[in-house]
Amino acid sequence: MKQLTGHDLLALQAQAHERHEPAPLLLDVREPWEFALARVEVEGLRTWHIPMNEIPERLSELDAEQPTVCICHHGMRSAQVVAFLEHQGFDAVYNLAGGIAAWSDEVDPSVPRY
């Protein structure tokens, strides 16, 4: 399983911008109340919210060709989603190590911790 830190995600997004390629998709797999409480917002980075338990039924909404970075609270649920997506044929799929908690600690302290 491929893992990225928050800074790796920012670098990946910047590289895509420089190359005039689509930015990676940030797939937030947390519950709706978590997504409402705290989220990653980076200019040019598209975020898509699909709770973990809805991923199998909403798989058609995702593009297996687009780089996708999965995020949850601490990185456990998103790691499970990454494993599922890899099994479904997604090659460019990554887990955001430490989840939104690490994002708040390492990249953007304005993002609420919970």
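Residues numbered from 1 in each chain as written. Predicted model: local features only at pLDDT ≥ 70, side-chain atom pairs only at ≥ 80, totals over all residues. Heavy atoms only, no water.

Novice: Account for a negative patch on the surface, naming residues and giving values.
Specialist: Where like charges cluster on the molecular surface, the negative patch consists of D63, E65, E86 and D91. The topology assignment puts E65 in the loop between β3 (46–49) and β4 (68–71). (Patch = residues over 30% accessible without salt bridge, like charges linked within 9 Å, V, L, I, M, F, W, Y side chains within 5 Å. Areas by Shrake-Rupley, 256 points an atom, 1.4 Å probe, with all protein chains shown as cover. Salt bridge = Lys/Arg side-chain N within 4 Å of Asp/Glu carboxyl O. Lys, Arg positive; Asp, Glu negative; His and termini not counted. Charge placed at Lys NZ, Arg CZ, Asp CG, Glu CD. Helix = DSSP H or I, 4+ residues; strand = E, 2+ residues; numbered from the N terminus.)

Novice: Please provide a residue-by-residue account of the pattern of salt bridges, values included.
Specialist: This structure, assessed with the given rule, holds five salt bridges. The residue R58 makes a salt bridge to E54 at a minimum N-O spacing of 2.8 Å. Residue E54 is classed as partly exposed on the basis of its relative accessible area, which comes to 25%. Residue R58 is joined to E61 by a salt bridge in which the shortest nitrogen-to-oxygen separation is 2.8 Å. Under the relative-accessibility criterion, E61 is labelled partly exposed at 37%. Salt bridges sharing common partners tie together E54, R58 and E61. (Buried < 20%, exposed > 50% of the residue type's maximum accessible area, 1.4 Å probe, protein only.)

Novice: Give me the lowdown on the sheet that holds β3, citing residues and values where you can.
Specialist: Read across the open sheet, the five strands follow the order β1-β5-β4-β2-β3; overall the sheet is parallel. Edge strands, defined here as strands with exactly one partner in the open sheet, are β1 (2–4) and β3. Averaged over neighbouring strand pairs, the angle between their axes works out to 35 degrees when direction is ignored. With three bridges connecting them, β4 and strand β5 (residues 93–96) associate as parallel partners. Within the sheet, the bridge partner assigned to V69 lies in β5 and is Y94. (Pairing = 2+ DSSP bridges. Axes fitted to C-alpha atoms, helices over the stretch in contact; angles between N-to-C directions.)

Novice: Can you lay out the packing of aromatic side chains for me, pointing to particular residues and giving the numbers?
Specialist: On inspection of all chains with the given rule, the structure shows one aromatic pair. Measuring from ring centre to ring centre gives 5.7 Å for W33 and Y114, while their planes differ by 70 degrees; the resulting arrangement is edge-to-face. Here W33, found in helix α2 (residues 32–37), pairs with Y114, found in the segment after α4 (99–106); they are 81 residues apart in sequence, far enough to count as distant. A residue is classified by how much of its surface remains accessible, and W33, at 56% relative accessible area, is exposed. The ring of Y94 has K2 sitting right over it, with the charged end atom 5.2 Å from the ring centre. Over the ring of F35 we find R39; its NZ or CZ atom is 4.0 Å from the centre of that ring. (Phe/Tyr/Trp six-rings, centres within 6.5 Å; stacked < 30°, edge-to-face > 60°. Lys NZ or Arg CZ within 6 Å of the ring centre and 35° of its normal.)

Novice: Report on the pairing of β4, specifying residues and quantitative values.
Specialist: A two-sided burial pattern is seen for β4, the buried positions comprising T68 and C70 on one face and V69 and I71 on the other. Examined bridge by bridge, strand β2 (residues 25–28) and β4 share four bridges and lie parallel to one another. Its bridge partner being in β4, L27 is matched across the sheet by C70. Each parallel crossover has a hand, and for β4 linked through helix α3 (residues 76–87) to β5 it is right-handed. (Right-handed = clockwise from strand over helix to strand, strands pointing away.)

Novice: Outline unusual backbone geometry, listing residues and values.
Specialist: Despite not being glycine, H20 has its phi angle at roughly 60 degrees, a positive value. When you line up the elements, H20 lands in the loop between α1 (6–18) and β2. According to the relative accessible area criterion, H20 is exposed, its value standing at 74%.

Without other data, these values stay purely geometric and don't point to any function.
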